[in-house]
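Analysis of the macromolecular model
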Amino acid sequence: MNWDIIEGKWNQFKGEAQSQWGKLTDDDLDVIAGKQQKLVGRLQERYGYNKDRAEKAVEEWQSKVNN
C-alpha cells in the first residue's frame, strides 16, 4: 500500500497504529497525522528505537495493514 493512502485515511488507521504501538498517545497520533516521518520520530521518542529500527517497524506495519 502506498503511504499516501495511509496518510489520506489516517483516521481509519490510527486505531491500528495504536494497537501496534501502545505507547503512542492520542495526541501523538494527532500530531503524526499520517506523516510517515513523524511516525518514525515518535517511535524513536517513545520506544528508544534508532532511526533504522523505527523505519523498519513502520515498513513492517505498513505491510501488515496492506493485507
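Residues numbered from 1 in each chain as written. Predicted model: local features only at pLDDT ≥ 70, side-chain atom pairs only at ≥ 80, totals over all residues. Heavy atoms only, no water.

**Observations regarding the packing of aromatic side chains**
Taken as a whole and judged by the stated rule, the model has five aromatic pairs. Ring centres 6.4 Å apart and planes at 75° place the aromatic pair Trp 10 and Trp 61 in the edge-to-face group. Of this pair, Trp 10 sits in helix α2 (residues 10-20) while Trp 61 sits in helix α5 (residues 51-66), placing them 51 residues apart in sequence. Relative accessible area serves as the criterion here: at 2%, Trp 61 is assigned to the buried category. An aromatic cluster of three or more residues is present, and its members are Trp 3, Trp 10, Phe 13, Trp 21 and Trp 61. The ring of Tyr 49 carries Arg 53 above its face, with NZ or CZ at 5.0 Å from the centroid. (Phe/Tyr/Trp six-rings, centres within 6.5 Å; stacked < 30°, edge-to-face > 60°. Helix = DSSP H or I, 4+ residues; strand = E, 2+ residues; numbered from the N terminus. Buried < 20%, exposed > 50% of the residue type's maximum accessible area, 1.4 Å probe, protein only. Lys NZ or Arg CZ within 6 Å of the ring centre and 35° of its normal.)

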